[in-house]
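# Per-entry structural report
Take a look at the letters that make up each chain.
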Amino acid sequence: MDKYDKIIDLTKRRGFLWNSFEIYGGIAGFFDYGPLGAILKNNVINTWRKHYIVNEGFYEIDSPTVTPYEVLKASGHVENFTDPLVECKDCLESFRADHIIEENVDVDTEGKTLQELQEMIEKNNIRCPKCGGEFKEVSTFNLMFATSIGPGGKRAAFMRPETAQGIFIQFKRISQFFRNKLPFGAVQIGKAYRNEISPRQGVIRLREFTQAEGEFFIDSRKKENFEKFESVKDMVLPLLSGKNQEDESLSSEEKVVKMSLSDAVKNGIIAHEAIAYYIAVTKKFLMEIGIDETKLRFRQHLPNEMAHYAADCWDAELYTDRYGWIECVGVADRTNYDLLAHMKNSGDDLSVFVELDEEHEIEAYEIELNYKLVGRTFKGDAKVLEESLKELDDKKMEELVEALETEGKYVLKTCKRDFEILKEYLTAKKVKKIVKGEKIIPHVIEPSYGIDRITYCVMEHAFKEDEDRTVMGFSNAVSPIKVGVFPLVNKEGMPEIAMDLKNKLRENGLIAEYDDSGAIGRRYMRMDEVGTPFCITIDGETLKDRSVTIRERDSREQFRIPINEVVPYIKDKL
Ligand SMILES: Nc1ncnc2c1ncn2[C@@H]1O[C@H](COP(=O)(O)OP(=O)(O)OP(=O)(O)O)[C@@H](O)[C@H]1O
């Protein structure tokens, strides 16, 4: 049994992780969180919220998981969200071509074309691991789960493959919410769906998983000089740069260099202060949830791995016993690619007006309404038309003026109704204006977290086997049960006192569990195994002087405190 099997065994027994649909034989790529697993995962998510919402000042949004075709067409997912697939000619089992090659030969398949993968399979005579059969040609497989909206399937859609697009789609609203003052950003936590070809890595590669993503919109001219960077500049991190990954003269240990963020930016290893700052936020979060610092490194994407539009991208990789280093977070500078793509496809203006230090002159349309005519035509809605015209961006205004000139009319769609505007309703003339700013399409820094992989690593990094016990050394922030409360014996009023204390802890928002079965040592062991940081025992002394024994999980130290100090003591410690 390796560590992974031991952890999966413990997590099954103690209610952390269960195979989904088990009574129907199970399906690879799906896992349930049991009672303690669900609390653990929620604690991870709530700690994440604390970092990004409370500390960083972003706000959370919550969009649908069913996403219309047009959105994912515009984002490039319909064309490009694919993995290379090979199928066995005999048993018809499917595999990811790049994974099957890497399992057989010591090569890196990152960025290889279908043709190159095909050649690698042929050259190395790689065959089906299940039956030894030959493979069909390598092809591409789109990972999105297709669905349709409404009866008859007229409206094509997909289950979202990432949460990020929901934020880009609502960019205009988010920008308004923040009164268009850059930098601003939104986060989203929720399910993402990927029809992974052959998920053979247990909980690491799921077909339905939880992501926590943020899109932080910034003025691209401020990336180099990012205000908040000062507070993290001395943080030292293990960095595996793109350059070192490609340097064959270095051993794998030598490739990872510990360096302060300010040095990394100064030496051009990290592209700029803005992305460096969000790398630091990632590290702070991972430390708080109990990730082992020695099992964390930041790996830069190689040029052929990075999307063509990305300016820099770093993955937080966590070390696991069975699967080695796995990507758990990606922090990317995606430039203004997504906003430009949605602008082009939706026709909406997704720019933001930023104030400049110096004034300058621009040309813009000014509209004068024929109020009499407009009032007579649209009655009570005339005001809506007036307001909607004021909100038109330059592009839409050009469209309107041109349509009125060439066709004599223009249909303006608003939330309330459509207005058919005739030429005689208004005059539009170009005027020169002095402005103290300009419109820009913000750039975006995106941290993208895989919550399930992280939650698994939290369990693996917390897992310890001492001679006489197994302990989940969870950090206080994430441990599912905070306190175990035991009566030493089931008589003399001890169970009642213990039960009262458990209830009092719960009334104070702390998850406490009562346990009165078996020897006290075994009860401590049970709580150690699920990572409960404190246990409290009601014993003979309690009856005499109202004091209780507190036992700490990690040190196993025991000491007494008055029963009425238990709640403040635990709250303070947590
Ligand atoms: N199939 C999956 N199961 C669980 N988590 C996943 C899965 N795919 C991606 N993630 C998580 O979501 C995060 C962001 O997704 P991203 O699109 O960057 O992953 P990716 O590069 O496609 O991952 P991989 O290369 O492992 O397939 C990843 O860092 C990872 O933690």
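Residues numbered from 1 in each chain as written. Predicted model: local features only at pLDDT ≥ 70, side-chain atom pairs only at ≥ 80, totals over all residues. Heavy atoms only, no water.

## What about the pairing of strand β18 (residues 409–413)?
Short version of the rule: A simple rule labels every residue: compare its accessible area, found with a 1.4 Å probe on the protein chains alone, to the largest value its type can have, and call it buried under 20%, exposed over 50%, or partly exposed in between. Runs of H or I in DSSP of at least four residues are treated as helices and runs of E of at least two as strands, each being numbered from the N terminus. Two strands make a pair as long as DSSP finds a minimum of two bridges between them.
A one-sided burial pattern is seen for β18, the buried positions being Y410 and L412 and the unburied ones K409, V411 and K413. Judged from the 5 bridges that link them, β18 and strand β19 (residues 418–422) form a sheet pairing that is antiparallel. By the bridge assignment, K413 is partnered in β19 with D418.

## Observations regarding the domain arrangement of the chain
The cut-off we apply is this: The split of the chain into domains comes from an automatic or database domain assignment. A contact between two residues is defined here by any heavy atoms of the two lying within 4.5 Å. Put simply, buried area is how much 1.4 Å-probe accessible surface two parts lose in total, over both of them, once they are put together. Each polar contact in these results corresponds to two N or O atoms within 3.5 Å; when the atoms are within protein, one needs to be able to donate a hydrogen and the other to accept it, and residues that are neighboring in sequence are counted only if both atoms are side-chain atoms.
Domain parsing of the chain yields domain 1 (3–81 + 143–336 + 445–452), domain 2 (82–142), domain 3 (352–440) and domain 4 (481–573). The interface of domain 1 with domain 2 comprises 16 residues on the first partner and 15 residues on the second. Together, L143, I197 and R200 form the three largest contributors to the area buried by domain 1 at its contact with domain 2, with a combined 46%. Taken together, domain 1 and domain 2 are joined by 5 residue pairs in polar contact (both at pLDDT 80 or more).

## Notes on the state of the cysteines
To be explicit about the condition: Defined by distance alone, a disulfide is two cysteine sulfur atoms within 2.5 Å.
Taken as a whole, this structure holds 0 disulfides when the rule is applied. The thiol of C91 is unpaired, and the distance to the nearest cysteine sulfur, on C131, comes to 3.7 Å. For C131, which is in no disulfide, the shortest distance to another cysteine sulfur is to C88 and amounts to 3.5 Å. Accessibility expressed as a relative area gives 41% for C131, which makes it partly exposed.

## Considering the sheet that holds strand β24 (residues 483–487)
Put simply, the rule reads: Axis angles are defined between N-to-C directions and span 0 to 180 degrees, where every axis is a line fitted to C-alpha atoms and, for a helix, only to the segment in contact.
One open sheet accounts for 5 strands, arranged β25-β24-β26-β27-β28; its pairing is mixed. Each end of this open sheet is capped by a strand with a single partner; those strands are β25 (512–514) and β28 (558–562). Shown here is a sheet whose adjacent strand axes are inclined to one another by a mean of 25°, direction ignored. As paired strands, strand β26 (residues 534–538) and strand β27 (residues 547–552) are joined by 4 bridges and run antiparallel to one another. Bridging across to β27, T537 finds its partner in T549. Contacts from helix α19 (residues 520–529) reach β24, β25, β26, β27 and β28 within the one sheet, and its direction differs from that of β24 by about 165°.

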